[in-house]
Amino acid sequence: MKIEKITSVKNRLGTNSYLIFNEEKNAILIDAGVDLDTVKNYNLNIKAIFLTHCHFDHIMFLNQLEEFYSCPIYISEIDYKGMFDKEINLSKFFHRDFSINFDKSLIMTFKNGEIIHIDSFKIITILTPGHTSGSACFLVDNNLFSGDTLFADNIGRTDFPTSSVEQQKSSLLKLDSLNYKILYPGHSEISTKEKQKYNINFWFNLLN
Ligand SMILES: [Zn+2]
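Predicted, not measured: the structure shown is a model, and the values here were computed from it.

Peer 1: An account of helix 6 (residues 193–206) is requested, with residue identities and associated values reported.
Peer 2: Residues spaced three or four apart along an α-helix point in a common direction, a consequence of the helix completing one turn every 3.6 residues. Between the first and last C-alpha of helix 6 there are 20 Å, a value that for 14 residues agrees with the 20 Å anticipated at 1.5 Å per step. Taken together, the buried positions of helix 6 are occupied by K193, Q196, N199 and I200. For helix 6, the elements touching its buried residues are helix 5 (165–176), strand 11 (182–185) and strand 12 (191–192).

Peer 1: Which residues make up the environment of I6, and what are the values?
Peer 2: Secondary-structure assignment places I6 in strand 1 (residues 2–6). Exposure remark for I6: the relative accessible area of 2% places this residue in the buried category. Residues I6 and N101, 95 residues apart in the sequence, show an inter-C-alpha distance of 24 Å. In this view, I6 contacts T15, N16, S17, Y18, L19, L29, V34, V39 and Y42; residues no more than four positions away in its chain are not counted.

Peer 1: Got a sec to walk through the coordination of the zinc ion? Specific residues and values, please.
Peer 2: Within the protein, the atoms that donate to the zinc ion are H53 (NE2), H55 (ND1), H131 (NE2) and D148 (OD), at distances of 2.1 to 2.3 Å. Along the chain, the residues donating to the zinc ion are arranged with the sequence spacing H-x1-H-x75-H-x16-D. Residue class for H53 comes out buried when judged on its relative accessible area of 0%. Given the relative accessible area of 2%, H55 is considered buried.

Peer 1: Tell me about the sheet that holds strand 7 (residues 115–118), and name the residues and values.
Peer 2: If you walk across this open sheet you meet the 6 strands as 7-8-9-10-11-12, and the pairing is mixed. Only two strands of the sheet have a single neighbouring strand rather than two, namely strand 7 and strand 12. In this structure, strand 10 (residues 143–147) lies alongside strand 11, joined through 4 bridges in parallel fashion. Counterpart to N143 in the pairing with strand 11 is I182.

Peer 1: Hey, could you go over helix 5 for me, with residue numbers and the actual values?
Peer 2: Between its first and last C-alpha, helix 5 extends 16 Å over 12 residues, near the 16 Å set by a 1.5 Å rise per residue. Within helix 5, burial applies to Q168, K169, S171, L172 and L175. Viewed along the axis of helix 5, the buried residues span an arc of 165°, placing them on a single side of the element. For helix 5, the secondary structure elements touched by its buried residues are strand 9 (136–140), strand 10 and helix 6.

Peer 1: Hey, could you go over the pattern of salt bridges for me, with residue numbers and the actual values?
Peer 2: Evaluation of the coordinates by the stated rule reveals 6 salt bridges. Two residues, E87 and K92, come together in a salt bridge whose shortest N-O distance is 2.9 Å. K92 gets classed as partly exposed once you look at its relative accessible area, which sits at 27%. A salt bridge links K197 to E194; its shortest N-O distance comes to 3.7 Å. Highlighted residues: K197 and E194, both in helix 6, separated by 3 residues, approximately one helical turn. According to the relative accessible area criterion, K197 is partly exposed, its value standing at 47%.

Peer 1: So what's going on with the side chain of H131? Which residues, and what values?
Peer 2: Looking at where H131 falls in the secondary structure, it is placed in the loop between strand 8 (121–127) and strand 9. Relative accessible area serves as the criterion here: at 3%, H131 is assigned to the buried category. Only 3.0 Å separates the side chain of H131 from the side chain of H55, close enough to count as a polar contact. Within the structure, H131 has its side chain in polar contact with the side chain of D148 (distance 3.3 Å). Excluding residues that lie within four positions of it along the chain, H131 makes contacts with H53, H55, D148, G156, R157, F160, S163 and Q168.

Peer 1: I'd love a proper account of the state of the cysteines, names of residues and values included.
Peer 2: Inspection of the entire model under this criterion finds 0 disulfides. C71 carries a free sulfur, and the closest cysteine sulfur to it, the one in C54, is 19 Å from it. Of the residues examined, C71 reaches a relative accessible area of 3% and is grouped as buried. Free of any disulfide, C137 has its nearest neighbouring cysteine sulfur in C54, separated by 14 Å.

Calculation rules
Residues numbered from 1 in each chain as written. Predicted model: local features only at pLDDT ≥ 70, side-chain atom pairs only at ≥ 80, totals over all residues. Heavy atoms only, no water. Helix = DSSP H or I, 4+ residues; strand = E, 2+ residues; numbered from the N terminus. Expected span 1.5 Å × (residues − 1). Buried < 20%, exposed > 50% of the residue type's maximum accessible area, 1.4 Å probe, protein only. Contact = heavy atoms within 4.5 Å. Donors = N, O, S within 2.8 Å, 3.2 Å for Na, K, Ca; no water. Pairing = 2+ DSSP bridges. Arc of directions from axis to C-beta. Salt bridge = Lys/Arg side-chain N within 4 Å of Asp/Glu carboxyl O. Polar contact = N/O pair within 3.5 Å; in protein donor to acceptor, adjacent residues only side chain to side chain. Disulfide = S-S within 2.5 Å.

What follows is the structure in structure tokens.
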């Protein structure tokens, strides 16, 4: 299994997406902040897209990706409605005309702790509300995809619609007690669980 961090020059918010793929060139894509042409460069069969949360910069290329791959999309059932709400997904600040225009039956929702098998991949869903009320992380082997809940040197903002400081604190404790090795966040650099001990402690104490 290989993991590739990918970004798009067409996404001005510097959002990370990740390709997880195997030797058969089958892949899952974590978040849709990267345009179709960039994804196609990797010559992979995208079998599913997993969304860490509903914010615009993580779903902005879903339409073109779905037009080409027509694969299932997974999002937490709590953040599902935010995909269609310009206030909640923040698209009203960045792209007022944005809307989801593919077959909605391709969108699957999950709850906390579900285990989803796609091809050779086993994805464990971990709900980590705080940044949004339905933010989720994905554990794939020893790799944690943390969206905007936890970054290498920071944590996600908690002043957006559906954000909650209290929930974010609980989520940080949850991630602190989770077993993983490498952290793949929704922005900035890749990190490790080891390095996150200090980071989580620092930001947890600043949250009120
Ligand atoms: Zn976000």
